[in-house]
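Here's the letter readout for the chains.
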Amino acid sequence: MPLKSDPRRERRDSLIRLLQQNKAQAIAITHLPNVRYLCGFTGSNALLLISARESILFTDPRYDIQAATESDVPVRVVRGVLWNDAAKEIRRRRIFRLALESDKVSHADWDAIGSHIGARAELLPVQGLVEALRAVKSSDEIEKIRRSVLLNSQALALTLPLLKPGMTELEVAAELDYRMRRLGAEGTAFETIVACGRRSALPHARPTSELLKNNRLLLIDMGASLEGYASDMTRVFHLGKPGRKVRALYDMVLEAQLAAIAAVRPGATCASVDLAARETLHRHRHAQFFTHSTGHGLGLEIHEGPRLGAKVESVLLPGMVVTIEPGVYLEGFGGIRIEDTVLVTETGVEVLTPSTKEFLEIAS
Ligand code: ZN
Ligand code: ZN
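Residues numbered from 1 in each chain as written. Chains lettered and ligands numbered in written order. Predicted model: local features only at pLDDT ≥ 70, side-chain atom pairs only at ≥ 80, totals over all residues. Heavy atoms only, no water.

**Observations concerning the packing of helix α1 (residues 7-21) against helix α2 (residues 32-39)**
Two numbers describe a pair of packed helices, the interaxial angle and the distance between the axes.
Here comes step 1: Remark: α1 packs on α2, axes separated minimally by 6 Å, with the N-to-C direction vectors making an angle of 115 degrees. Judged by the angle between their axes, α1 and α2 are roughly perpendicular. Across the interface between the two elements, Arg 8, Arg 11, Arg 12 and Leu 15 of α1 pack against Tyr 37, Leu 38 and Cys 39 of α2.
Here comes step 2: Looking at side-chain class alone, the contact of α1 with α2 contains 4 nonpolar, no polar and 3 charged residues. (Axes fitted to C-alpha atoms, helices over the stretch in contact; angles between N-to-C directions. Helix = DSSP H or I, 4+ residues; strand = E, 2+ residues; numbered from the N terminus. Parallel < 35°, antiparallel > 145°, perpendicular 65-115°, else oblique. Contact = heavy atoms within 4.5 Å. Nonpolar A, V, L, I, M, F, W, Y, C, P; charged D, E, K, R; others polar.)

**Side note on helix α7 (residues 139-159)**
Here comes step 1: Under the 1.5 Å per step criterion, the end-to-end length of α7 is 30 Å for 21 residues, consistent within 8% with the ideal 30 Å.
Here comes step 2: Taken together, the buried positions of α7 are Glu 141, Ile 142, Lys 144, Ile 145, Ser 148, Val 149, Leu 151, Asn 152, Ser 153, Ala 155, Leu 156 and Thr 159. (Expected span 1.5 Å × (residues − 1). Buried < 20%, exposed > 50% of the residue type's maximum accessible area, 1.4 Å probe, protein only.)

**Topic: the coordination of the zinc ion (ligand 2)**
Put simply, the ideal angle at a metal is 109.5 degrees for four donors in tetrahedral geometry and 90 or 180 degrees for six donors in octahedral geometry.
Here comes step 1: Listed as protein donors to the zinc ion (ligand 2) are Asp 232 (OD), His 296 (NE2), Glu 325 (OE) and Glu 339 (OE); their distances from the metal cover 2.1 to 2.2 Å.
Here comes step 2: Angles of 78 to 151 degrees at the metal separate the 4 donor atoms of the zinc ion (ligand 2), which places the site in the irregular class.
Here comes step 3: We note that the donor set of the zinc ion (ligand 2) lies within a single chain, spaced as D-x63-H-x28-E-x13-E.
Here comes step 4: Exposure remark for Asp 232: the relative accessible area of 3% places this residue in the buried category. (Donors = N, O, S within 2.8 Å, 3.2 Å for Na, K, Ca; no water. Tetrahedral: all angles 85-135°; square planar, octahedral: opposite > 155°, others 65-115°.)

**Focus on the environment of Arg 147**
Here comes step 1: Examined against the element boundaries, Arg 147 turns out to sit in helix α7.
Here comes step 2: For Arg 147, a relative accessible area of 37% translates into the label partly exposed.
Here comes step 3: Taking the C-alpha atoms as reference points, Arg 147 and Ala 230, separated by 83 residues in sequence, lie 9.6 Å from one another.
Here comes step 4: Contacts of Arg 147, omitting those with residues within four sequence positions, involve Leu 226 and Glu 227.

**A short note on the nonpolar core**
Here comes step 1: Core analysis: the biggest nonpolar cluster contains 38 residues, and Val 273, Leu 316, Ile 324 and Ile 336 have the highest contact counts within it.
Here comes step 2: For this core, the secondary structure elements donating two or more residues are β8 (193-196), β9 (217-222), α9 (244-263), α10 (270-283), β15 (321-324), β16 (327-330) and β18 (340-344).
Here comes step 3: Among the elements that take part in this core, α9 stands out by supplying 10 residues, more than any other.
Here comes step 4: With 36 residues, the next largest nonpolar core counts Leu 15, Ala 99, Leu 129 and Ala 230 among its residues. (Core = buried A, V, L, I, M, F, W, Y, C linked by side-chain atoms within 4.5 Å.)

**Observations regarding the packing of α7 against helix α8 (residues 169-182)**
Here comes step 1: Direction vectors running N to C along α7 and α8 enclose 130 degrees, while the axes themselves pass 9 Å from each other. The angle between α7 and α8 falls in the class oblique. When the axes of α7 and α8 are compared, the crossing they make is right-handed. Residues Leu 151, Asn 152, Ala 155, Leu 156, Leu 158 and Thr 159 of α7 pack against Glu 175, Leu 176, Arg 179 and Met 180 of α8.
Here comes step 2: Residues that form the contact of α7 with α8 fall into these classes: 6 nonpolar, 2 polar and 2 charged. (Left-handed = near helix turned anticlockwise from the far one by under 90°.)

**What to know about the packing of aromatic side chains**
Here comes step 1: Here the structure, examined in full by the defined rule, presents 2 aromatic pairs.
Here comes step 2: With a centroid separation of 5.4 Å and an interplanar angle of 85 degrees, the aromatic rings of Phe 41 and Tyr 63 are classed as edge-to-face. Of this pair, Phe 41 sits in the loop between α2 and β2 (47-51) while Tyr 63 is found in the loop between β3 (56-59) and α3 (64-70), placing the two residues 22 residues apart along the sequence. The pair formed by Phe 41 and Tyr 63 is uniform in burial state, with each residue classed as buried.
Here comes step 3: Where Tyr 250 meets Phe 359, the ring centres are 4.1 Å apart and the plane angle is 10 degrees; that geometry is what we call stacked. Of this pair, Tyr 250 sits in helix α9 while Phe 359 sits in the loop between β19 (349-351) and β20 (361-362); the two residues are 109 residues apart in sequence, bridging distant segments of the chain.
Here comes step 4: Residue Tyr 250 is classed as buried on the basis of its relative accessible area, which comes to 2%. (Phe/Tyr/Trp six-rings, centres within 6.5 Å; stacked < 30°, edge-to-face > 60°.)

**Topic: the side chain of Thr 159**
Here comes step 1: Structurally, Thr 159 is set in helix α7.
Here comes step 2: For Thr 159, the side chain forms a polar contact with the main-chain oxygen of Ala 155, separated by 2.7 Å.
Here comes step 3: Beyond its immediate chain neighbours, meaning those up to four positions away, Thr 159 contacts Glu 175, Leu 176 and Arg 179. (Polar contact = N/O pair within 3.5 Å; in protein donor to acceptor, adjacent residues only side chain to side chain.)

**Some details on unusual backbone geometry**
Here comes step 1: With an omega of -5 degrees, the peptide bond running from Gly 305 to Pro 306 counts as cis.
Here comes step 2: As for its position among the elements, Pro 306 is in strand β14 (residues 304-308).
Here comes step 3: You will see that Asn 215, though not glycine, has its phi angle at about 70 degrees, which is positive.
Here comes step 4: With respect to the helices and strands, Asn 215 occurs in the loop between β8 and β9.

Bear in mind that shape data such as this cannot, by itself, settle questions of function.
This is the structure:
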């Protein structure tokens with residue numbers, strides 16, 4: 001009976017085909033999410049050399065046991081700079097065209113690697129090869145993201161009844177983070193954003209000692225990391241009963257978010273999804289207050305491809321998981337963003353985030 005093939009091996013085979021198109025004999029990967037994706041190793045120091053002949057993972061003695069357990073390629077434990085030993089291997093194998101991820105390797109490292117591998121060898125800058133593979137998730141990865149998304153929503157649901165005026169933004173963030181961990185997350189996928197009142201107009205506000213007060217907006221943007229996979233959700237609440245202006249703003253952003261979700265399907269360009277949100281806000285004369293792109297892919301990293309931006313002409317494919325998160329930010333007043341994690345299916349879209357998008361009131 002044939003064994004179920006290991007996804008990591010298939011990923012490396014796909015990468016090798018991409019390398020051949022780039023006329024490279026091998027690639028050295030040091031970006032840790034890419035290392036994890038390609039061989040399973042989750043440590044913090046790694047160099048993965050991938051070639052058609054054989055791949056090798058270089059790491060240091062702290063990871064001796066862990067690497068042998070996690071990695072499905074042979075491991076070489078070395079002391080000191082991993083590149084020294086990797087370069088010896090590259091010379092020994094007579095690899096003369098080595099690809100490097102030029103957006104991940106510093107200029108100083110690039111020069112050092114060049115001198116290590118010998119004058120005859122050439123370094124080829126490549127970008128986004130592994131990321132392109134990672135953008136389309138396997139069913140196993142989708143399951144992990146689904147669980148991460150559910151956990152994230154549960155953590156919010158468990159925290160909501162505790163929220164009340166007088167708490168600080170930091171306390172709210174701590175309650176959310178605690179519940180994510182209690183529910184089984186390894187941690188948060190990014191620093192939890194809690195922003196009250198005018199501070200909600202800062203799309204990336206860090207929580208402060210600012211107090212939650214009545215008659216203010218409360219924006220929460222949170223994500224869990226579960227089995228390495230991220231989730232990402234933003235919800236906005238109102239402390240006390242919202243007035244007409246703020247409710248109209250909320251409805252407008254929700255309309256834009258639903259329009260963008262409706263535009264998600266295989267074959268649609270990233271730009272068209274962004275445009276759906278932007279046009280809705282434009283009709284309401286608020287497009288100028290929507291200052292970021294509509295969404296981003298997520299997986300082993302919180303921000304990965306594809307980016308749902310105005311100029312991104314690449315198309316969505318089944319298996320991609322992206323966020324849809326339009327927002328409107330009014331300086332001195334506040335901001336509203338609504339964000340779900342969605343899956344591109346064979347025929348359209350599935351919203352993974354189960355949390356309600358009703359404009360909820362937090363009672364005093
Ligand atoms: Zn978010
Ligand atoms: Zn996001």
